[in-house]
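If you want the building blocks of each chain, they are given just below.
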Amino acid sequence: MLPQKASLFAAPDGGPRSLAAWILLNVVVLAVYSLAGLVIIPFGIGPAKVSPIYPPSGVAVAAALILGPRILPAIFIGQFCNGFPMLDLPQTTLPIYALTNSGTGVASIAEAMTAVALLRYFAGNWHPFDRAAHVVAFLLGSCLAAAAVGGAIGTLALWATGFIPDGEIGTTLVTFVLADASGIAVFGALIVAWYREPHLDRPIVVSAALILAGALAIASLEAWLRYPIDYLYLPLLLFAGFRAGPRGVTLAAAAITIAVIHAAVAGIGPFVGRTANESFLLLQVFMAVITFTGLLLAAVRGQQLAADAALIAHNLMLEQRVAERTAEVAQKNRLLEEKQSRIDDDLKTAQILQASILPTDFSAYAGTAIAASMRPALEVSGDFYDVFPLDGGRLGLAIADVSGKGVAAAFFMAVTRTMLRSEALTGRAPAECVAHVNQTLCCENPVDMFVTAIYAELDARSGAVNFVNAGHCEPIVLDGEGNTRLIKRSGNPPLGVMPKRAFVERKFVLAPGEMLFLYTDGVTEAPNRDGELFKTERLLEIARQFGCRSPQELMLSVIDNVERFSAGTVQADDITCLVVRRDVPA
Amino acid sequence: MEVFEDRLGSATMLRVVGRVDSAVAKLLESKVADVASRDGAIVVDLREMNYVSSAGLRSFIMLAKHARAKNRTISLCAMREEVAEIFEISGLLELFTIHDTVEAAIAGLPR
């Protein structure tokens, strides 16, 4: 199909294109056109019984606007036939009739096409209801200017065939033009408005009924009172414009038009002039004002409603966007929460796993009393202690502190603990075990990982302790009578720092009843709220105070003191203690 | 504790003042990570560091490990006796080049 939108000769509805459809369309338009011509006959005013409004013009313009130039034949034929009252006149011969009415037929076609062209040009549309400017274009162009074209041609035809004398050309022209213009303004607009919105929903039906009832009531009141109360039509028109849009306004205008013409014919109302022409002029001006006002109101109201609707739609869209964004964020949060909960679960598992590799039951080790505890600062710890039996009834004791905290430290801790224990179980001397562990950790170790550790072998029967302190906090020995001594470090670096390093082993004897207290710097460097540290001095003080108690009691009081010291702060580091007492032989 | 930083040619001079313990180790560690990411020798002036705890030592070990990983020399100089002792018993002296004075450390810088 060719793009026809821009063409003057295009049907706006893109309707049927077949010949049969074309004929049918023309027949329908012809019927309506003729009917519109017939119904107006009783409304003739004056001796010539001429109607002040010519509805067929409205039908022609509406049909041309809606259906395009396809229906021009119907208009021509309709107008040709509408001249039939002429046949009663004595001077009408058939050729004269044909000539005259061909002229008025051409006038109708020219009028309709002028109306379509001007509306297309000024409003760019096939209906004038969307904007106030379109209403002005419609009334000045499609009604007045188009009617002027039609009226001029029609008057010329009537004059040329002798139906009007020279002296009446002016009057006839004015009457012709204004009747056509009113016909287009009132009935053309009515048809286009209802064609544009054909659906009959409840509000429009109710409004239409109210409008018609209102017009009838006012007309009846006027007929009864015989007062010129036509101004009462104005509120009706306003109601129509506000409530029912172009359809309401055009319906109201048509109803009011019919009512006032009917009244004028009956000699009632303000439009009864001294002559027929006077009545025509009064009625036509009234109809023009009514239609113009109503359509303008409807257009402005329509624009306002459209703006409101656009605003509502915009707000709705904004709300929708906000809702979408909110949903997106919620979804992301949910994913994060799921991830967090997975990590939490993992950490919980790691915590349980880590705790489970630390021994807690020391009852099997004869000749000793042992207590141990590890409190991670985070979910998992970088500290560990270990107690395990060696051959010959000796005990392996270890405590260690991995640099850093959290998962990485915990992993490093587990590796170190396992390595140290398996080295120890080969029966090597502590210095050798530690050197091996150090070597492995140096080789397979990210740059910021290392571990301070003490590994000791205790022979509970003799009290002999062989131990290596690899950069760890100095152990405390308590003699059970309130005396303490620190076992100095001997120059060994932490594990995982210097490869191929030899480690110095120290020996001392744990006398019966003496306790060996091993700890990590989470104890001595626990900060309080003022940033002050717990320090070795405080630890020694507690050791002196509780040195004669059991390892368990000593350990708990140390932990308790550290906790009270750092009350109100977040635990800064893992806190680990391992206390071993050599029992007094029975 | 306070740490002052200075440049001497391509070398970085760090001056550590006060106590270095767990309360300030974080600060020293971030300084260390920053310095360690650069090139050039590192000289640490410890004239005014009067105490270093085991947490503080960790920062020094970290510095040494980073320097070693990048093949850079790191010297500690003008250590007080008690601090030197802590480094010694902790087996850390051999991680660093030790100088008695700052001047000696500067003289010892690679040209």
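Worth saying up front: this structure is predicted, and the values here are computed from it rather than measured. Throughout, a residue's number is its position along its own chain's written sequence, starting from 1. Chains and ligands are labelled by the order in which they are written, letters from A for the one and numbers from 1 for the other. Note on the predicted model: pLDDT of at least 70 is required for a residue's local features to be given, and 80 or more for side-chain atom pairs to be given and counted; whole-chain, interface and lining totals, by contrast, use all residues.

So, the overall build of chain A
The criterion, for reference: Here a strand is any run of E in DSSP of at least two residues, a helix any run of H or I of at least four, and the numbering for each starts at the N terminus. The exposure scheme places C-beta atoms from the backbone and then counts, for each residue, the other C-beta atoms within 10 Å of its own, assigning buried at 20 or more, exposed at 12 or fewer, and partly exposed in between. C-beta atoms are placed from the backbone for every residue, and two residues are taken to be in contact when these atoms lie within 7 Å.
The helix and strand inventory of chain A stands at 14 helices and ten strands. Taken across its 586 residues, chain A has 44% of its residues classed as buried. Contacts spanning at least 24 positions in sequence make up 74% of the contacts within chain A whose residues lie at least 6 apart.

Some points on the packing of helix H7 (residues 202-225) of chain A against helix H8 (residues 233-265) of chain A
Residue and element names in this part refer to chain A. The criterion, for reference: Only the stretch in contact is used when a helix axis is fitted, and all axes are lines through C-alpha atoms; the angle between N-to-C directions ranges over 0 to 180 degrees. Each helix crossing is assigned a hand: it is left-handed if the near helix lies turned anticlockwise from the far helix by less than a right angle, otherwise right-handed if that turn is clockwise. Asp, Glu, Lys and Arg are counted as charged, while Ala, Val, Leu, Ile, Met, Phe, Trp, Tyr, Cys and Pro are counted as nonpolar; the rest, among them Gly, fall into the polar class.
At a minimum axis separation of 9 Å, H7 and H8 run at an interaxial angle of 35°. For H7 against H8, the interelement crossing comes out right-handed. Taken together, the residues that form the contact of H7 with H8 break down as 18 nonpolar, four polar and three charged.

Observations regarding the environment of Val523 of chain A
Residues and elements named next belong to chain A. With respect to the helices and strands, the residue Val523 is situated in helix H12 (residues 521-524). On the basis of neighbour count, Val523 is assigned to the buried category, with 25 C-beta atoms found within 10 Å. Taking the C-alpha atoms as reference, Val523 lies 8.4 Å from Thr536; in sequence the two are 13 residues apart.

Re the confidence of the model for chain B
For clarity, the cut-off: You can read pLDDT as the predictor saying how much it trusts each residue, on a scale of 0 to 100.
When pLDDT is averaged along chain B, the result is 85; 99% of the residues meet or exceed 70. Confidence scores differ between elements of chain B, with helix H1 (residues 22-36) of chain B showing the lowest mean pLDDT of 80 and strand S6 (residues 97-99) of chain B the highest of 91.

Brief notes about the interface of chain B and chain A
The partner chain A presents 23 residues to the 19 residues of chain B that form the contact. When contributions to the side of chain B that touches chain A are tallied by element, the ones reaching two or more residues are H1, helix H2 (54-69) and helix H3 (81-89) of chain B. Per-element accounting of the side of chain B that touches chain A gives the leading share, eight residues, to H2 of chain B. Split into classes, the residues belonging to the side of chain B that touches chain A amount to eight nonpolar, six polar and five charged.

Notes on the sheet that holds strand S8 (residues 506-509) of chain A
All names here are of chain A. Put simply, the rule reads: Two strands are counted as paired when DSSP detects at least two bridges linking them.
The sheet built from five strands is open, its strands ordered S2-S3-S4-S5-S8 with antiparallel pairing. Only two strands of the sheet have a single neighbouring strand rather than two, namely strand S2 (383-389) and S8. This sheet shows a mean twist of 15° between the axes of neighbouring strands, independent of strand direction. Examined bridge by bridge, S2 and strand S3 (residues 394-402) share seven bridges and lie antiparallel to one another. Residue pairing for S3: Asp383 is matched across the bridge by Asp401.

Thoughts on helix H5 (residues 132-160) of chain A
Put simply, the test is: Helix span is expected to be 1.5 Å times the residue number reduced by one.
In this model H5 of chain A runs 40 Å from its N-terminal to its C-terminal C-alpha over 29 residues, within 8% of the 42 Å that 1.5 Å per residue would give. Positive backbone phi, at 85°, marks Gly162 of chain A, one or two positions downstream of H5 of chain A.

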